[in-house]
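The residues making up each chain are set out below.
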Amino acid sequence: MTSPLTRFIEGAYEQNRPISGQLELTYRCNLLCSFCYNSPQKRTQLDGPQWLTALDKLKAAGVFNITLTGGEPFRHPDFFTIAEGVRERGFVLKTYTNGVDLARRETAERYAALGPFDTEISIHGPTAAIHERLTGVRGSFDKLLVALGHLSELGLKVSLKTPITRLNQQHLKEIEDLGARFGYRVTYDTNLVPTDDGSSGPLELAPNREFLVDFFVDQARRGKMALAPRPIKEMKQVCGVGRTGITIDPYGDIFPCVAWREALGNILEVEALLDLWHGKGGLHETLEQVRRVSEEATTHLAAHPEAVFASFCPANALKETGDPFALYPAAQVSGSTKLEAAERLREEEKTPEKNAGENK
Ligand SMILES: C[S@@+](CC[C@H](N)C(=O)[O-])C[C@H]1O[C@@H](n2cnc3c(N)ncnc32)[C@H](O)[C@@H]1O
Ligand code: SF4
């Protein structure tokens, strides 16, 4: 039986009801991650009162879940005005952060007082040398550890996140052990994405194929991921682009998701967000396009055996190849390595005695 939450989310997809807002408060940052997808522009970012206006419009549109991100959201000078505005309006609050600013006890306490639902913190290595090779800033690792100590003492739920790169792929177990010292679990992202303005620079740090196959086998053995093909043919769409989530950048521009960077308008100029979303007076051509693409992509993917295993994003397909349906190189790698891992596990199941011998 489907749960009420699942039914609610399915209903939001079917009726194109926006339920989540991802707000990129600022592109300012205290770190210099070489793989970062942000593409800052020389424009004036929204201030605190303008973000509060944006929150009112999101609320009126039915959004109930707000994620504050960036850049580094704590680097917005009005971060607390905005975050308090989120909670005062009754939104569920989530934050994506590198954790550095939470090393200040006062900041961590003020943040904890907001009652965030979740705080997702990026960790790139188990030691200063590895973490800081990726963040580009000396001292960022020690500050992260101090922050994790504060948040754990303050009883906050934290989800640690590691985008896997060639530089940290051999150190995942140590990162998990480090997180466990604070009582926090780590989740991994195996997909580096191009920058918002389309540069494939971040992909140069992508983990290698051999590693990925071993990684997926290990994750499946530990019950952390199911290596099953997605039932693409039965899926109505590959993702929720332009349906359930709205992204707003530091300048107020509205996007159909964090990856599809064609603006639908500006939050300061749009009077009723729901009218824009539902196309009152004519559906914005980008919204029409992304909804159609996410539906039609299911047919395109179903044709490739590895594609049903791939982490596929039409926006990244467009950035990498100019075609939102193409099985772009990174998706091809993600699909084919999972397929190979699934085949290896199947072989193991067929010959358990041999593996028992090998695993001694
Ligand atoms: C842009 S950051 C903003 C929040 C915060 N500054 C942080 O680093 O956690 C959001 C998340 O995207 C991840 N990220 C950044 N660039 C990426 C890329 N090119 N591919 C995949 N993930 C990326 C970061 O590691 C972080 O987990
Ligand atoms: S901390 Fe986040 S926003 Fe800053 S450079 Fe790294 S990934 Fe980008």
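Note that the coordinates shown come from a computational prediction; the quantities given were computed from them, not determined experimentally. (Residues numbered from 1 in each chain as written. Chains lettered and ligands numbered in written order. Predicted model: local features only at pLDDT ≥ 70, side-chain atom pairs only at ≥ 80, totals over all residues.)

1. Focus on the overall build of the chain
Turning to step 1, where the next piece is worked out: For the chain, the helix and strand inventory stands at 13 helices and nine strands.
Turning to step 2, where the next piece is worked out: On C-alpha atoms alone, the chain measures out to a radius of gyration of 21 Å, which is about the 21 Å that the 2.2 N^0.38 rule sets for 360 residues.
Turning to step 3, where the next piece is worked out: With respect to the three principal axes, the spread of C-alpha positions in the chain is 65 × 50 × 45 Å.
Turning to step 4, where the next piece is worked out: Counting only residues that meet the buried cut, the chain has 41% of its 360 residues in that class.
Turning to step 5, where the next piece is worked out: Residue pairs at least 24 apart in sequence account for 72% of intrachain contacts in the chain once pairs closer than 6 positions are excluded. (Helix = DSSP H or I, 4+ residues; strand = E, 2+ residues; numbered from the N terminus. Rg over C-alpha atoms; globule rule 2.2 N^0.38 Å. Buried ≥ 20, exposed ≤ 12 C-beta atoms within 10 Å, placed from the backbone. Contact = placed C-beta atoms within 7 Å.)

2. A word on the site of ligand 1
Turning to step 1, where the next piece is worked out: Surrounding ligand 1, one finds 18 residues, the nearest of these being Tyr-37, Tyr-96, Ser-122, Leu-192 and Pro-202.
Turning to step 2, where the next piece is worked out: Of all the secondary structure elements, the ones that give two or more residues to the shell around ligand 1 are strand E2 (65-70), strand E3 (92-97) and strand E5 (158-163).
Turning to step 3, where the next piece is worked out: Considered class by class, the residues forming the shell around ligand 1 number nine nonpolar, six polar and three charged. (Near = placed C-beta within 6 Å. Nonpolar A, V, L, I, M, F, W, Y, C, P; charged D, E, K, R; others polar.)

3. Considering the environment of Ala-342
Turning to step 1, where the next piece is worked out: Residue position: Ala-342 is located in helix H12 (residues 329-350).
Turning to step 2, where the next piece is worked out: Separated by 33 residues in sequence, Ala-342 and Phe-309 place their C-alpha atoms 9.6 Å apart.

4. Some remarks on the site of ligand 2
Turning to step 1, where the next piece is worked out: Surveying the vicinity of ligand 2 reveals the residues Cys-29, Leu-31, Leu-32, Cys-33, Cys-36, Asn-38, Gly-70, Gly-71, Glu-72 and Asn-98.
Turning to step 2, where the next piece is worked out: Counted by class, the shell around ligand 2 contains five nonpolar, four polar and one charged residues.

5. Brief notes about the sheet that holds strand E1 (residues 20-26)
Turning to step 1, where the next piece is worked out: Across the sheet, nine strands lie side by side as E6-E5-E4-E3-E2-E1-E7-E8-E9; this open sheet has mixed pairing. Two strands in the sheet have a free side with no partner beyond their single neighbour: strand E6 (185-189) and strand E9 (265-266).
Turning to step 2, where the next piece is worked out: Where E2 lies against E3, four bridges are found, and the strand directions are parallel. If you follow Thr-67 over to E3, its bridge partner there is Lys-94. (Pairing = 2+ DSSP bridges.)

6. Notes on helix H3 (residues 79-88)
Turning to step 1, where the next piece is worked out: Of all the residues in H3, the buried ones are Phe-79, Ile-82, Ala-83, Gly-85 and Val-86. Taken end-on, H3 shows its buried residues confined to a sector of 155°, consistent with a single buried face.
Turning to step 2, where the next piece is worked out: In the core, the buried residues of H3 are packed alongside E1, helix H2 (48-60), E2 and E3.
Turning to step 3, where the next piece is worked out: Among the residues trailing H3, Gly-90 stands out with phi positive, at a value near 80°. (Arc of directions from axis to C-beta.)

7. Re the environment of Ala-54
Turning to step 1, where the next piece is worked out: Looking at the secondary structure, you find Ala-54 in helix H2.
Turning to step 2, where the next piece is worked out: A tally of 25 C-beta atoms within 10 Å means that Ala-54 is categorised as buried.
Turning to step 3, where the next piece is worked out: A C-alpha to C-alpha distance of 17 Å links Ala-54 and Pro-77, two positions 23 residues apart in sequence.
Turning to step 4, where the next piece is worked out: Discounting residues that sit within four places of it in the chain, Ala-54 has contacts with Leu-46, Ile-248, Gly-252 and Ile-267.

8. Some details on the environment of Asp-118
Turning to step 1, where the next piece is worked out: For Asp-118, the location among the structural elements is in strand E4 (residues 118-122).
Turning to step 2, where the next piece is worked out: Residues Asp-118 and Ala-330 lie 212 residues apart in sequence; the distance between their C-alpha atoms is 29 Å.
Turning to step 3, where the next piece is worked out: For Asp-118, the contacting residues outside a window of four places in its chain are Lys-94, Lys-157 and Ser-159.

9. A word on H2
Turning to step 1, where the next piece is worked out: Over its 13 residues, H2 extends 19 Å from the first C-alpha to the last, a length consistent with the 18 Å expected when each residue adds 1.5 Å.
Turning to step 2, where the next piece is worked out: Taken as a whole, H2 has its buried residues at Trp-51, Ala-54, Leu-55, Lys-57 and Leu-58. One face of H2 carries all of its buried residues, which in axial projection span an arc of 165°. Summarising the geometry of H2, the exposed residues directed more than 90 degrees from the buried face are Pro-49 and Ala-60.
Turning to step 3, where the next piece is worked out: Two residues or fewer after H2 comes Gly-62, characterised by a positive phi angle close to 100°. (Expected span 1.5 Å × (residues − 1).)

10. Looking at unusual backbone geometry
Turning to step 1, where the next piece is worked out: Cis geometry is found at the peptide bond from Gly-70 to Gly-71, where omega equals 25°.
Turning to step 2, where the next piece is worked out: Among the secondary structure elements, Gly-71 is positioned in the loop between E2 and H3.
Turning to step 3, where the next piece is worked out: Of note, Asn-16 is a non-glycine position whose phi angle comes to about 50°, a positive value.
Turning to step 4, where the next piece is worked out: Its place among the elements puts Asn-16 in the loop between helix H1 (4-14) and E1.
Turning to step 5, where the next piece is worked out: We classify Asn-16 as partly exposed; it has 17 C-beta atoms within 10 Å.

11. Observations regarding the packing of helix H5 (residues 128-135) against helix H6 (residues 140-153)
Turning to step 1, where the next piece is worked out: Their axes nearest at 8 Å, the elements H5 and H6 cross at an angle of 110°. Accordingly, the angle class assigned to the pair H5 and H6 is roughly perpendicular. In this structure, H5 contributes Ala-128, His-131, Glu-132 and Thr-135 to the contact, and H6 contributes Ser-140, Phe-141 and Asp-142.
Turning to step 2, where the next piece is worked out: In terms of residue class, the contact of H5 with H6 is built from two nonpolar, three polar and two charged. (Axes fitted to C-alpha atoms, helices over the stretch in contact; angles between N-to-C directions. Parallel < 35°, antiparallel > 145°, perpendicular 65-115°, else oblique.)

No statement about biological role is implied by the geometric values presented.
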